[in-house]
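Observations on chain architecture
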Amino acid sequence: MRAFVLGASGFVGTHLTRALERRGDTVVRGSLRDPAAAAAAAAPCDAIVNLSGEPVAQRWTTAAKHAILHSRTELPRRFLEALSYSNSAATAYVSASGVGYYGASETETFVEENPPGADFLAQVCEAWERQAQGARDLGMRVAVVRTGLALGNDGGALAKMLPVFRLGLGGIIGGGRQWHSWIHIDDLIGIYLTVLGGGEGAFNATAPNPVTNAEFTHALGGALHRPVVLPTPLFALQLMFGEGASVATTGQRVLPKRVTQERAYAFAFTKINAALDNLLPRSASS
């Protein structure tokens, strides 16, 4: 297979391109900074994966919120429009999305059939996925991967947490009841490869056992052999990130129903302790 990957230089993109090349696929890397040029490069490829998007973990100024939405809707729209003028060979379009689609809740459990929430991230994810469906007009099978908290030691949220926790300064955020629907990077890549092989619609990319922030924090502190003593004050996060602090202070309990039942995906890491032990081997965590 010849795969065109938008956002190939990012955390997930780097792991995905390595996995594709390891199994013998050809990877063409692209960027949505120039949608027309990306479409020209994508035209000869068999499948397209869009991992591109403005980082969500930042202070949500008006300009930042516009960039977050614009990068996930308008730029893919321009890309697909340019692709429509070429003789595209692609038969599959796989787009990233997020579990923020469901909105925040401490009590609900979400699967793919649940409707979208009403907050900013939910609106972004819904618009992101709606735009991806435009690839169907070009004759492509369309799938979206609603990713949870992707854990890897070389990028993503965990890599940003490690320096703080290694200093013994990691703490529970707020009351610690907010859910983290996490996934080991190896399983996330496994799901992308599975969905590239078949399937349409939305697939949750989360481990089968979500944890609360308190459980996650204690598991990470334990894996690093560091104390978890001081809570992280909400006002500090709000000062740093404004409305964007909701990424850390809220969450949702999401289960991977379709990828396990319909695509028979078998997770390598189902429990948070095993995932962290794998990513943070004893020699590196002490």
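Heads up: the structure comes first, above all this text.
Residues numbered from 1 in each chain as written. Predicted model: local features only at pLDDT ≥ 70, side-chain atom pairs only at ≥ 80, totals over all residues. Heavy atoms only, no water.

With respect to the pairing of strand E3 (residues 47-50)
The alternating pattern of E3 places Ala47 and Val49 and Ile48 and Asn50 on opposite faces, both of which are buried. Two strands pair when backbone bridges link them, and strand E1 (residues 2-6) and E3 are joined in this way by 4 bridges, in the parallel orientation. Across the sheet, the residue bridging to Phe4 is Ile48, located in E3. Judged from the 4 bridges that link them, E3 and strand E4 (residues 92-98) form a sheet pairing that is parallel. Residue Ile48 lies in a different strand from E4, and its bridge partner there is Tyr93. (Buried < 20%, exposed > 50% of the residue type's maximum accessible area, 1.4 Å probe, protein only. Helix = DSSP H or I, 4+ residues; strand = E, 2+ residues; numbered from the N terminus. Pairing = 2+ DSSP bridges.)

A word on the packing of aromatic side chains
On inspection of all chains with the given rule, the structure shows 5 aromatic pairs. Ring plane angle 5° and centroid distance 6.2 Å describe the contact between Phe4 and Phe79, whose orientation is recorded as stacked. On the criterion of sequence distance, the pair formed by Phe4 in strand E1 and Phe79 in helix H4 (residues 74-84) is long-range, its members being 75 residues apart. Between the NZ or CZ atom of Arg253 and the centre of the ring of Trp179, over which it lies, the distance is 5.3 Å. (Phe/Tyr/Trp six-rings, centres within 6.5 Å; stacked < 30°, edge-to-face > 60°. Lys NZ or Arg CZ within 6 Å of the ring centre and 35° of its normal.)

Remarks on the pattern of salt bridges
Evaluation of the coordinates by the stated rule reveals 9 salt bridges. We note a salt bridge from Lys257 to Glu113, for which the minimum N-O separation is 3.4 Å. A residue pair is termed long-range when its members are at least 10 positions apart, and Lys257 in helix H11 (residues 257-261) and Glu113 in the loop between strand E5 (109-110) and helix H5 (120-132) qualify at 144 residues. The partly exposed category is assigned to Lys257, whose relative accessible area is 30%. Several salt bridges converge on common partners, so that one network encompasses Glu74, Arg77, Arg78 and Glu81. (Salt bridge = Lys/Arg side-chain N within 4 Å of Asp/Glu carboxyl O.)

Remarks on the sheet that holds E4
Strands sit in the order E2-E1-E3-E4-E6-E10 across an open sheet of 6 strands; the sheet is parallel. Both outer strands of the open sheet, strand E2 (26-30) and strand E10 (201-205), are each paired with one neighbouring strand and no more. Recorded for the sheet is a direction-independent mean angle of 20° between the axes of neighbouring strands. The strands touched by helix H2 (residues 35-42) are E1, E2 and E3; relative to E1, the strand with the most contacts, the crossing angle is about 165°. (Axes fitted to C-alpha atoms, helices over the stretch in contact; angles between N-to-C directions. Contact = heavy atoms within 4.5 Å.)

A few points about the packing of helix H3 (residues 62-72) against H4
Packing of H3 against H4 leaves a shortest axis separation of 3 Å and a crossing angle of 25°. It follows that H3 is roughly parallel to H4 by the angle criterion. Contact residues: H3 offers Leu69, His70, Ser71 and Arg72, while H4 offers Glu74, Leu75, Pro76 and Arg78. (Parallel < 35°, antiparallel > 145°, perpendicular 65-115°, else oblique.)

Some thoughts on the side chain of Ser105
Its place among the elements puts Ser105 in the loop between E4 and E5. Relative accessible area serves as the criterion here: at 15%, Ser105 is assigned to the buried category. There is a polar contact of 3.1 Å between the side chain of Ser105 and the backbone nitrogen of Thr107. (Polar contact = N/O pair within 3.5 Å; in protein donor to acceptor, adjacent residues only side chain to side chain.)

A look at the environment of Gly174
Residue placement: Gly174 occurs in the loop between helix H6 (156-166) and strand E8 (179-180). Among the residues examined, Gly174 registers a relative accessible area of 33% and is labelled partly exposed. Sequence spacing of Gly174 and Ser86 is 88 residues, and the spatial spacing of their C-alpha atoms is 51 Å.

With respect to the packing of H2 against H4
Where H2 meets H4, the closest approach of the two axes is 8 Å, and the angle between their N-to-C directions is 50°. Taken together, the axes of H2 and H4 are oblique relative to one another. The way H2 lies across H4 gives a crossing that is right-handed. Between H2 and H4, the contacting residues are Pro35, Ala36, Ala38, Ala39 and Ala42 on the first element and Leu75, Arg78, Phe79, Ala82 and Leu83 on the second. A class-by-class count of the residues in the contact of H2 with H4 yields 9 nonpolar, no polar and 1 charged. (Left-handed = near helix turned anticlockwise from the far one by under 90°. Nonpolar A, V, L, I, M, F, W, Y, C, P; charged D, E, K, R; others polar.)

Re the nonpolar core
If you look at the biggest cluster of nonpolar residues, it comprises 38 residues, and the most contacted ones within it are Val12, Val49, Leu51, Val94, Leu188, Ile191 and Tyr192. Of all the elements in the fold, those that place two or more residues in this core are E1, helix H1 (11-22), E3, E4, H5, strand E6 (141-147), helix H7 (185-197) and E10. At 7 residues, the largest contribution of residues to this core is made by H7. Once you skip the residues sitting within four places of it in the chain, Leu188 turns out to touch Val12, Val145, Thr147, Ala150, Ile183 and Ala205. With 22 residues, the next largest nonpolar core counts Leu6, Leu32, Ala135 and Met140 among its residues. (Core = buried A, V, L, I, M, F, W, Y, C linked by side-chain atoms within 4.5 Å.)

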